[in-house]
Structures are given as C-alpha cells and as structure tokens.
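This is what each chain is made of:
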Amino acid sequence: MGSLSCRHIFKYYKGEHRPAVKDFNLEVSEGEFLVLVGPSGCGKSTMLRMIAGLEPISEGDLYIGDRYVNFVSPKNRDISMVFQNYALYPNLSVYENIALGLKLRKVAKHEVELKVNRTAKILEISHLLDRLPSQLSGGQKQRVALGRAIVREPQVFLMDEPLSNLDAKLRAQTRAEIMKLHSQLKTTTVYVTHDQTEAMTMGTRIVVMKDGEVQQVAPPQIMYDQPCNLFVASFIGSPQMNLIPGSVNRREGKYYFETKRVLWELPQRYGDSLKAATSNLRQVVLGIRPEHIGADREMPKKYPCGMTAGTIEMIELMGSDTFLFVNIGESTVIVRTEAGSPFAAGDQIEIAFRLDRIHLFDAEQGGSLTSQGVTSL
Amino acid sequence: MRRRMRRLSLSSVLLIAGLTGLALFMLIPIVYIFNHAFKPLDEMFLFPPRILVQEPTIVNFEKLFFATSGDVVPFTRYLFNSIIIAVITIFCVITVSSMAGYAIAKLRFGLKGLIMGLIYISLMFAAETVSIPRYLIISGLGINDTYFAHILPFLASPVAVFLMMAFIGQIPNDLIEAAKLDGASEVAIFNRIVMPLAAPAVATIAILTFQGVWGDVEASTLYVQDEALKNIAYYVQTLVSGAQNNVAGQGLMAAASLLMFLPNLIIFLVFQKRVMQTMLHSGVK
Ligand SMILES: Nc1ncnc2c1ncn2[C@@H]1O[C@H](COP(=O)(O)OP(=O)(O)OP(=O)(O)O)[C@@H](O)[C@H]1O
Ligand SMILES: [Mg+2]
C-alpha cells in the first residue's frame, strides 16, 4: 500500500547538462521514515518534488504503492507535503487551511468537520481554528502545516526541511512530536533535511546524497559505525569524525598505519579487507570518532591502541561532555572526554587511538577500505 | 505628547510642513470644482474670482439633467452609457489581466518569453499611435456602433497585465504547489488562492481602468457615430468646446465637470489603501 519505489531516477533541469539527481534507486517499504540528507544543493528537494509530482521526472520510474505514477498529477498521487515555510493559505483560517484538501475532494461536510477537529486535537491546535495564519507563531504554523498534511490520510508524507524555520528548542520539541505522530499513524514518510542530527534521530533509514548522487543508504547506527566513504564519514556525526592522512604499509604479513609522527600496527581483522584492496603501500585517510580517542591511561589496557602525544589547543565544554582539540603535529583531532576532566589549554598530553574502531579510506577515491561488507545502496 | 513632539527633528518638521503645504495646494482644484458647480451664473463671472461659493444653488444640475432633455440625446443617456461601459470594461479587464498575469507569472508554457516581450513593448506605445490600427480592427469586426467599440480598446491593457504579473509573481510558489497537492485544479487555485491574494492589484486595476474608460473620448469621437452610444466624457467635451463663447453654458459645464470628476474621487478614496500596497509590492510607481 504505502510503499514507494524509485527506479533509476534522473533529473536534468532545462539548460543544465549535469543532472540534479543521478540514478536515484531506492525501495521504501510501508511505514518507513526515510530521511534524505546532504549538503545544500545536493538534490534532496528536487528528488522530493519529483515524488510529489511537482517536477517532471527526466528518466526512471516511480511507483507509489503498486501504481506507476510518473505521469500522474500531484493531486492524484495520494501524497501530502509539508513545506519549509509552511505554505499556509494566508487568506484562509486555520480551519479552512486544514479543510481545503478535503473540500476540494468533495468529502461530505460533516465528515470534513469531524476530520479537521480530530486532527486539530491530535496536534493540539483546536483553540486556533478560527485564526488566520498571520496570527500564529512559527511553531503553531508548523503544526497547522502538519495538520493539513495528515488530515487527508495519504499513502505517503513528504516533508522538505519542515523544522528549519524554528528555533533550536522548538525544533527539538517538534522533532519529537513528528516522531510520535509517525509512530501513531505509521504513514510512510520521506523527510528532507540538511541537518545530520535530525537525520540520525528521526530516520529509520538515512539516505546521504551529494551532488545528486546517493552515497549510502543505511539505518542511522550503521551509517554512523560503517560509513562507506569519506564524505559520509565526515557528514554524519557531530563533532565530525577525525581524519588523519597517512599510508598503510605491509611488512611481514602485518599492516601498519604510518604518518610522519606515528607508526601503528593495525589489528589483524583489517588484514583481509586491506589485502584485497592494497598493494604494498597505499595512501589512505584514517578516520576515528572523537569518542574513540581517549586521554585516560586506562584505555590502552582495555583496547588495542595507538599512542601519540599532542598539545591541547582548545577546550569545548558541552555540559555532558568535554571536547579537547589536540594538535598532534600534522593535524588537530577532537577528543571526547567526560565532563570535568582535569585539562587546560596548552597542556601536553598523551592520547590513545582505539585501533579496533578506526576507519580507513582510500585517499584518492574516498571509498572505505574497512567497511566493505556494507552495501552502499 | 510632549515627548513625541520633542523627538521630531527639525528636518522632519520642515518636511511635514512642506508636504502639508503641497497637499493643500493640490487640493485647490478639487475644492474649486466642487464650489464652481454650485455657483449661480453671476458668481461665476465675479472679478476677482472667488474659489468658495457664496450662495450655493443646484440650478446648474437641474439644467444639465432636464433642460438638455429637449435635445436629441438626453444627458442621462450619456451617463448611462458611461456607467454601463465602465462596469463591463472593468470586469473584463480584471478577468483578462488577472488570468494572463497568473499564466505568465506562474505557469510553464512555450512562447512565454515572446509574449512577455510583446507586453513590454506594448507598454511603450502612446495611446494616440494606435488609434488607426484600433479603428481598422473595430470596423473590421463590424462593431462600430456598439458598446464593444468602447470596451475593446481597453481590454488588452498591458499595464494591467504587467501589474498583475508582478503582483502574482510575489505569491510564493509553495502556496500554489500546496494547493495542487491539496487537489486544486488550476481554476480552483486561481479562484481560491491567487485572486484573494491579488485583491490589492485588482483594486488598482479597477481604478486605473475606470479612470481611463470614464475619461475616454477616443471611442466616441472615432469609432462610434451613433450619438445615443457616446459617453459622458465626449458630451462634456462638446459642451466645453461649444460653450467657450457662451455665457449660459458655463453653469452646465461646471456641473458636468463635477459629475465627471466625482466617481474618480470616490473610487480612489475607497481603494486608496490597497493601491498603495500594490505599488509597493510590484515595484511599479
Ligand atoms: N528550477 C531549477 N532550474 C535549474 N536548476 C535547479 C532548479 N532547482 C534546483 N536546481 C539545481 O539543482 C540542484 C539541486 O537543487 P535542490 O533544490 O534539489 O537542492 P537541495 O538539496 O534541496 O538543497 P537545499 O538544502 O539548499 O534545499 C542545485 O544545484 C540547484 O541549483
Ligand atoms: Mg531544498
């Protein structure tokens, strides 16, 4: 019913020879909350608008449910969309805004009333029904926009950065509400954002896009743990994954990661994937998340670690955590420590890199050498 | 109160004073028209002339409405013609220009660039230059002695289309797309979303069109021969030219001028606020 199937979809805008969306190929199953995420201009909105029918599809096939909808007009696709700036009809009251979609579909009047009131109740906007959009706060407008989308009970919801006009606190709150709504309604949702936090917290699956191309499709945790390339690795996660350029060398059956400053023996388990990928010496980028670098002395006892010394350049207090910006010569890495750690800027410290949690990327192509089992599509 | 006064700087005091003076000066002709129409004949020729009427009378209007009914065509017939023509023209211009404006501003279709170019070019023509082509079209269509001869030249108003285009262009695309997803047809989008939002522009166009068509003598002079189908502007003009050396005609003229002017004033006062909005929004001044 509410599934969505995109088969090799391309979008060429008129006059542009580079596609805005390139070979987008994805099955979304019923009830999924799929998040499209990527930097500005990567084609997220374009993809969403093609699903909505607002933008013609240049190439490829789109199915909603079992229906081929490439040439079906937006109103007949049984979808609804929430826009970034709400797009409420300024001349109509909140009630009329929510009801218009039903009225235009010739739903009986008492039923319209029933549905609008029920929707308003779910979203807690019953007391606002008589107001005009100009008399609402940003958060309230957002709810009305959501109400307009859910009242029709469509097969698929499309949302294009619906939270980006809200302030931080309201954004977190509304995010939670959308999640709650989704768990109640279980409607298939495609949600566009450029905010990786939103993507991580909301999506049952995430699609990372760049320059119109899908980079990786995976559930949030897998996306975080096994990014398929450098772009995904640096895009997902906050603060960013630390990236250290260096080379991998093989000596006597063992693999070593080497820069001017360090020489670390890599755990045996990387051997297989590296063997397939490398000749004797290879330029790579080592990626490691801030939580996998430690400043305490216990860490090397528990895990295989690579050690190096550095100088603390800056300390960022986040309340729950403290981030140390440590200069290790050729680059600066971010180290996550517990709050209240006894460090000060300028300190010389010894830090440990958990070698069992590193990622290695091909320096030229950007592809991952360590998470090769992961499907990129 | 005192605080507010003190906050005004010297320059803004001067500006306000200057603008007030200018406004009063602009008001003089209006005051004059009103007073003149109610003056008895002897007051009209007082020397030195006075602006304000001393002993107001409606004798001028009586003469205008009743005395002329002995002529071939009574004054009221001209008035009637003008009103009918104005109403139909305004309605048609609004319909045509808003639809055209919407299509050009928001729809995708071929030859859009060409059509816009033509509209821009036609904005540049002075009305006089197109009288002859208009005459050819009207007589070609065989509508010489009908109301349509008055209406047709105003119908394709590039200014109105341009205003509508600019104004509707400001309506966010998201709104229109949201309506599409809500299940609205183009007609429903136009009626329910676009037109209510374009109301200020519609008001502006109503005023501009009214002024044009109410004061138009071209159609009555060139395209319409039947005296019974000519409009009030034409009638007043003939009064004026006929009364230049005619003392008795002055009263009629004054009353007719006021009647010509009054609807303009009323319409403007009613729609003034909306017009300001349109001019601000469309960047047209
Ligand atoms: N109507 C259009 N005509 C031509 N090019 C367009 C059009 N709309 C978008 N593009 C281009 O297509 C690419 C993708 O745009 P899109 O709006 O999908 O990006 P996005 O991922 O939604 O970005 P953002 O996060 O800024 O909203 C961009 O390079 C953009 O310049
Ligand atoms: Mg976008």
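Keep in mind that what you see is a predicted model, and the values were worked out from it rather than measured.

Here we look at the domain arrangement of chain A
Many authors give the size of an interface as the accessible area that is lost as the parts come together.
All names here are of chain A.
Phase 1 of the analysis: Partitioning chain A into domains gives domain 1 (4–234) and domain 2 (235–362).
Phase 2 of the analysis: Taking only C-alpha atoms into account, the centre of domain 1 sits 38 Å from that of domain 2.
Phase 3 of the analysis: Contacts between the two partners involve 18 residues from domain 1 and, on the opposite side, 14 residues from domain 2.
Phase 4 of the analysis: Carbon and sulfur atoms make up 65% of the surface buried where domain 1 meets domain 2, a total of about 1400 Å² over both sides.
Phase 5 of the analysis: Across the domain 1-domain 2 interface, the total number found is zero salt bridges.

Describing unusual backbone geometry
Phase 1 of the analysis: Looking along the chain, the bond that leaves Ser-238 of chain A and enters Pro-239 of chain A is cis, with omega of -5°.
Phase 2 of the analysis: Of note, Pro-239 of chain A is situated in the loop between helix 8 (230–235) and strand 11 (242–251).
Phase 3 of the analysis: Located in the positive-phi region is His-8 of chain A, a residue other than glycine, with phi close to 50°.
Phase 4 of the analysis: With respect to the helices and strands, His-8 of chain A occurs in strand 1 (residues 4–11).
Phase 5 of the analysis: Look at Leu-111 of chain B: it is not a glycine, yet its phi comes out positive at around 65°.
Phase 6 of the analysis: With respect to the helices and strands, the residue Leu-111 of chain B is situated in the loop between helix 5 (75–106) and helix 6 (112–123).

Brief notes about the UniProt feature "transmembrane region" (unreviewed entry) in chain B
Residue and element names in this part refer to chain B.
Phase 1 of the analysis: Sites flagged by UniProt as "transmembrane region" (unreviewed entry) map to residues 12–34, 78–102, 109–127, 147–168, 189–214 and 251–271.
Phase 2 of the analysis: The span residues 78–102 carries 100% helix and 0% strand; its end-to-end C-alpha distance comes to 35 Å.
Phase 3 of the analysis: Between the first and last C-alpha atoms of residues 251–271 the distance is 31 Å; the span itself is 100% helix and 0% strand.

Focus: the UniProt feature "domain: ABC transporter" (unreviewed entry) in chain A
Phase 1 of the analysis: According to UniProt, the "domain: ABC transporter" (unreviewed entry) feature falls on residues 4–236 of chain A.
Phase 2 of the analysis: The span residues 4–236 of chain A is 36% helical and 24% strand by assignment, and the distance between its end C-alpha atoms comes to 25 Å.

So, how was this worked out
- Residues numbered from 1 in each chain as written.
- Chains lettered and ligands numbered in written order.
- Predicted model: local features only at pLDDT ≥ 70, side-chain atom pairs only at ≥ 80, totals over all residues.
- Heavy atoms only, no water.
- Domains from an automatic or database assignment.
- Contact = heavy atoms within 4.5 Å.
- Buried area = accessible area lost by both parts, 1.4 Å probe.
- Salt bridge = Lys/Arg side-chain N within 4 Å of Asp/Glu carboxyl O.
- Helix = DSSP H or I, 4+ residues; strand = E, 2+ residues; numbered from the N terminus.
- UniProt positions renumbered as here; feature names shortened; annotations may be inferred.

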